[in-house]
Amino acid sequence: MDMQDNRPSLEEQPFVPAGEPLALDDERRLKVLSPGMLVFKRFVRNRLAITGAFIILFMFLFSFLGGVVTPYTESKVFKDYELMNKLYAVATENNEFRYILAENQTFDSTAKSKMILAILKNESTFESGGSVYGLEKEGKDFYRVTGTSLFASGKGIKNQFKLQPADGIVLPDDFMAKFNEALAAGETSFTTNDGQSFLLKASKVEAEVYKQEDLALASKLIFTGDLDENYAFRLAAEQAIQGGQDAKFSVGEQTYTLLLSEDGVAIFTDKDGMVISQASHFLMKASQVGTVFPEGFAAAVQAAITGKQTSFVLQDETGEDRLYLLEHGTNEYVIRTELETYQINMYSPPSWEHPLGTDGNGMDVLTRLMYGGRVSLLIGFVVVLLETILGVVLGGIAGYFGKWVDNLLMRLVDIFNCIPGLPLFIIIGAIMDAEKVKPTYRIFVLMIAMGVLGWPGIARVVRGQILSLREQEFMTAAEATGISVKRRIFRHLVPNVIPQLVVIATMTLGDVILTEATLSFLGLGVKYPLASWGSIINAVSNIYVMTNYWYVWIPAGFLILLTVLGFNFIGDGLRDAFDPKMKR
Amino acid sequence: MKRYILKRILLSIVILFFVSMVIYGIMRSIPTSFVEHKAMERAQLPGAKSYTEWLRILNEQYGMGGNVVTGFFSWISKIATGNFGDSWKFTIPVTEKFSRVIWDSFWLAFTTLILRVVIAIPLGILSARKQYSTTDYAITIFALIGISLPTFFFATLMKLFFSVHLGWLDLFGKVGRNYLTLDSLGQALDVAKHYIMPVMTLTIVSVGDLMRYTRTNMLEVLNSDFIRTARAKGLPERTVINKHAFRNTLIPVVTIIGGTLPSLFGGAMITETLFQIPGIGYTSYLAILEGDIPFTMFYLMFIAVLTLMGTLIADILYAVVDPRVRIA
């Protein structure tokens, strides 16, 4: 548009160069526009006003249509997998006996404590719950416990016993010979040729023979893998370890190889060379259920512990190096590593899924901006509507009736004018905080408070206009025709005030949006989970967010700025369009 | 004139009475009051009296015994004798706290006012002289952006730029870390340095109004007959603008500025809070949040007085400069 168009008309500037466009209300125009059309045309020709109108149109589309189009909802929380240094496992040095039971056997806790007593006293048998158990030391911290059942008993003199087998038992052929051998040698156990082993308990006059059977192993070693509870494997394996060097041994039909590392970890491989178990003095407890420790983990941990290292590297199942951090405790070691963690996607940077990233609650910023725009625009319009209604009614009455009514209402205006807005809204916000008012109700309360406090400005303008208008001839005419007072005010006076009203309302819209944003910024206006532009910027109260996550708060600030600017542009354009006196 | 002023002052007192009534009513309706907080705190100390007992004692001490109506009248009768009571939060007399913090607000506002006048009037006049030129558009857009900027957003942007990225200025506060080690000139400069961002914020967001007002008035003057006469006499354009137009433009502008003088003491709540400048605005913000009734009441009443004074001064100035407005 060219502002030169609006140059004053003929009488002020008699010479109009040829080719210069005529003003809209130029008398030489063929078609003279109606006043309304004139205002509209002037408005449209104002570049700033049109820019403002487009900005506001964009904001409406952005907020009301954008909220519909966006695939997310206002308070959808996004979660994500992320690498974090997390507790992976705890290694504890094992100082307790752990028991490996033979098949279909039980070994109760009373018997276990009796066993430990027997170990301390260096005895080879112990009794618990009426049964006798055999205890055989196989090596350091490794014992075999055998259960017994009475096999034969008898009495005798001078080491000559006559043994009577227990019910339903047939003594093996060489039983008596082996028994006497053992008795003579003073041993407490013997084995017959068919492989059965027996326990001997004899005094001078009485002898009892118990048949031994495998019951349990007591060991302080911790085995990994599936075979750690397998009696036969454990027995053979630990016996091999006690041998103190690399060895081969077989259990059933399987052959295993033992490799002893320098750190005292025993590694067992099967015939194909696959590691099937590892034995160490450390008990590993994974922090998450279902964790499978990678190959060589126990050995690496033990090596790191004995070497007093704080970290070690181990290949994981995909063959990649993974760093583990080790924290030393007294007899507990904490192992950390980077793990994938499912967590709220906080402050994620802009991406295709989230064009403006996510905020501190893991919500999509762009979507929050759209919904926030709805709240901000809605509050603006409702408050201005409320202010206008109150202002027009009270200002109209004051202006029309004058005298004491005017005086009274204007003093009321003065009172409201003296109540400072922002502190009052802060107080109201604090009251609502204390009362724990629902976020949706807060908006209504806020709108009413702002509307009730904002009307005096509009009332003043309306009153001033009406005071001067009612003295004009058309009002005298209206009075003479006997039109009712209500009609005279609202049909004849108020429409004449509308130009000023529209301008003021547009400008006030911007102010209301600013006030609401300020309150929400202070945390006293619109509250989580509802969004408003002000409350989005509230994130900057955390300095770290302010400096590092610009995409969370800067867009909201510019949206507020643009919206208010848009309304101000429109208001300015409207003022010029309604009242072109100022044009030179 | 004297009668008019006297009448206005008397009217103001009546208005203040009603304003104080409204404000007191709202303050008293804050559900979890300062007193209740205090009682809760005291009751949790080891071996303390019960909460209800503390509440009773504290209510008595703070003069909150009666209901809203008796509370209001006892408050206002004290005010009438000039006793504003003790601030609950700051535990010193309200007026003492006020006199400690008011000057920070004043200097902040005063510097802003000077910058505002220095920037707005020349630019406003320039804008009017070159109406519809690129300069005019640029100035208009600048002014409207200033008006439309949310204070808190602009302040945060400045912090991000000057404190975080450039590291020139401190994020918060009125004085730096080594303030006490500086000599008196250094201390003054330190405070001035901390005032830079608040003053810039306040100036940018407030300069637009005055600029637009100056432009409008200048346009009105430039359209008036005496300017045409001056031009017709063949006076050089410089004389027309600088002597005839400028002086006449100043009349309404000075009136408006006169009306804003009392608000120099009003404090800038948001800006002071964001930069933690211990002025009246920031202090009151803290007092409001804690439900400190004596201080908040004093502050709100103070603002009401300033508003009334502002309109009174503006009206008087109008009458002084323009005899047509003079009312008996």
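Conventions adopted
Residues numbered from 1 in each chain as written. Chains lettered and ligands numbered in written order. Predicted model: local features only at pLDDT ≥ 70, side-chain atom pairs only at ≥ 80, totals over all residues. Heavy atoms only, no water. Core = buried A, V, L, I, M, F, W, Y, C linked by side-chain atoms within 4.5 Å. Buried < 20%, exposed > 50% of the residue type's maximum accessible area, 1.4 Å probe, protein only. Helix = DSSP H or I, 4+ residues; strand = E, 2+ residues; numbered from the N terminus. Axes fitted to C-alpha atoms, helices over the stretch in contact; angles between N-to-C directions. Parallel < 35°, antiparallel > 145°, perpendicular 65-115°, else oblique. Left-handed = near helix turned anticlockwise from the far one by under 90°. Contact = heavy atoms within 4.5 Å. Nonpolar A, V, L, I, M, F, W, Y, C, P; charged D, E, K, R; others polar. Pairing = 2+ DSSP bridges. Buried area = accessible area lost by both parts, 1.4 Å probe. Salt bridge = Lys/Arg side-chain N within 4 Å of Asp/Glu carboxyl O. Polar contact = N/O pair within 3.5 Å; in protein donor to acceptor, adjacent residues only side chain to side chain. Domains from an automatic or database assignment. pLDDT = per-residue confidence, 0-100. 1 Å grid on protein atoms, 1.4 Å probe; cavity = no way out; pocket = protein on both sides within 12 Å on 5 of 7 lines; lining within 4 Å. Points joined across faces, edges and corners; volume = space filled by probe spheres on them. Patch = residues over 30% accessible without salt bridge, like charges linked within 9 Å, V, L, I, M, F, W, Y side chains within 5 Å. Areas by Shrake-Rupley, 256 points an atom, 1.4 Å probe, with all protein chains shown as cover.

(A) Here's a closer look at the nonpolar core. With 136 residues, the main nonpolar core has L369 and I537 of chain A together with F152 of chain B as its most contacted residues. Element by element, the count of residues in this core is highest for helix 15 (residues 550-578) of chain A, at 13 residues. By size, the runner-up hydrophobic cluster in this structure holds 24 residues, among which are V207, L219, V240 and I241 of chain B.

(B) Up close: the packing of helix 2 (residues 34-43) of chain B against helix 3 (residues 51-61) of chain B. Residues and elements named next belong to chain B. Where helix 2 contacts helix 3, the two axes come as close as 8 Å, and the packing angle between them is 135°. When the axis of helix 2 is compared with that of helix 3, the two are oblique. Every pair of crossing elements has a handedness; the one defined by helix 2 and helix 3 is right-handed. Residue-level contacts link V35, E36, K38, A39, M40, R42 and A43 of helix 2 to Y51, W54, L55, L58 and N59 of helix 3. Residues of the contact of helix 2 with helix 3, tallied by class, amount to eight nonpolar, one polar and three charged.

(C) Focus on the sheet that holds strand 11 (residues 247-251) of chain A. Residues and elements named next belong to chain A. On the basis of which strands lie adjacent, the open sheet formed by five strands has the order 10-14-13-12-11 and antiparallel pairing. Every other strand in the sheet has two partners, leaving strand 10 (222-223) and strand 11 as the edge strands with one partner each. Strand direction decides the pairing type here: strand 12 (residues 254-260) and strand 13 (residues 266-269), joined by four bridges, are antiparallel. Opposite L259, over in strand 13, you have I267 as the bridge partner. Against the sheet, helix 5 (residues 231-242) touches strand 10, strand 11, strand 12, strand 13 and strand 14 (275-280), its axis set at about 160° to strand 11.

(D) Highlighting the interface of chain A and chain B. At the interface, 47 residues of chain A touch 53 residues of chain B. Counting the surface lost from both chain A and chain B, the interface buries some 4600 Å², and carbon and sulfur atoms represent 80% of this. In this structure, the connection of chain A to chain B is made through one salt bridge. D572 of chain A is paired through a salt bridge with R212 of chain B; the nearest N and O atoms lie 2.2 Å apart. Where chain A meets chain B, there are three residue pairs in polar contact (both at pLDDT 80 or more).

(E) Spotlight on the domain arrangement of chain B. All names here are of chain B. Domain boundaries assigned for chain B yield domain 1 (2-80) and domain 2 (98-321). Summarising the inter-unit geometry, the C-alpha centres of domain 1 and domain 2 are found 34 Å apart. Between domain 1 and domain 2, the residue contacts involve 16 residues of the former and 15 residues of the latter. Of the roughly 1400 Å² buried at the junction of domain 1 and domain 2 (both faces included), carbon and sulfur atoms supply 83%. For the pair domain 1 and domain 2, the interface holds one salt bridge. The shortest N-O distance in the salt bridge between D315 and R8 comes to 2.6 Å. Inspection of the domain 1/domain 2 interface yields one residue pair in polar contact (both at pLDDT 80 or more). It is helix 1 (residues 2-28) that contributes the most residues to the side of domain 1 that touches domain 2, 13 residues altogether. Class assignment of the residues belonging to the side of domain 1 that touches domain 2 gives a composition of 12 nonpolar, two polar and two charged.

(F) How the structure looks around the side chain of T506 of chain A. Note that T506 of chain A resides in helix 12 (residues 485-521). Every residue in contact with T506 of chain A, bar those within four places of it in the chain, is listed here: F567, I570, G571 and L574 of chain A.

(G) Region of the structure containing the confidence of the model for chain A. With 92% of its residues at a pLDDT of 70 or more, chain A has an overall mean of 79. Here residues 1-14 of chain A is modelled with pLDDT under 50, and outside its nearest four sequence neighbours on either side it reaches 21 contacts, counting other chains as well.

(H) Local environment of the layout of surface pockets. Residues and elements named next belong to chain A. Looking at the second largest pocket, its volume works out to about 670 Å³. Every residue lining the second largest pocket is counted, 29 residues in all, and those nearest its centre are V292, F293, P294, E295 and F297. Elements with a contribution of two residues or more to the lining of the second largest pocket: strand 10, strand 14, strand 15 (282-286), helix 6 (297-306), strand 17 (321-328) and strand 18 (332-344). When residues in the lining of the second largest pocket are grouped by element, the largest group, five residues, is from strand 14. Of the residues contributing to the lining of the second largest pocket, the split by class is 16 nonpolar, eight polar and five charged.

(I) Fine view of empty space enclosed by the protein. In total, this model carries three cavities of 30 Å³ or more according to the counting rule given. Its volume calculated, the largest cavity comes out at about 130 Å³. Around the largest cavity sit 14 residues that line it, and N46, L48, D572 and D576 of chain A together with Y137 of chain B are the ones nearest its centre. Sort the elements by how many residues they give to the lining of the largest cavity and helix 15 of chain A lands first, with four residues. Considering only residue class, the lining of the largest cavity consists of six nonpolar, three polar and five charged.

(J) Structural context of unusual backbone geometry. Residue and element names in this part refer to chain B. One non-glycine residue, Y132, adopts positive backbone phi at about 70°. Of note in this structure, Q276 is not a glycine but carries a positive phi near 50°. Among the structural elements, Q276 can be located in the loop between helix 11 (269-275) and helix 12 (280-290). The exposure class assigned to Q276 is partly exposed, which follows from its relative accessible area of 34%.

(K) Main features of the side chain of T156 of chain B. Mapped onto the secondary structure, T156 of chain B falls in helix 7 (residues 151-165). Given a relative accessible area of 4%, T156 of chain B falls into the buried group. The contacts of T156 of chain B, once residues within four sequence positions are left out, are V540, M546 and W553 of chain A.

(L) View of a nonpolar patch on the surface. Residues and elements named next belong to chain B. A surface patch of nonpolar side chains, amounting to about 580 Å² of accessible area, comprises V14, F17, F18, M21, V68, V69 and F73. For the nonpolar patch, the secondary structure elements donating two or more residues are helix 1 and helix 4 (68-80). Counting residues per element, the nonpolar patch draws most heavily on helix 1, at four residues. Relative to the assigned elements, F73 resides in helix 4. F73 sits in the partly exposed class, given a relative accessible area of 45%.

(M) How the structure looks around the domain arrangement of chain A. Residue and element names in this part refer to chain A. Annotation of chain A at the domain level lists domain 1 (24-28 + 40-71 + 361-582), domain 2 (98-219) and domain 3 (224-228 + 236-342). Each of domain 2 and domain 3 has a C-alpha centre, and the two are 36 Å apart. Overall, the association of domain 2 and domain 3 removes approximately 520 Å² of surface from exposure, summing both partners, and the carbon and sulfur fraction of that is 46%. By the criterion of area lost to domain 3, the three top residues of domain 2 are R98, E138 and F142, representing 55% of everything that side buries.

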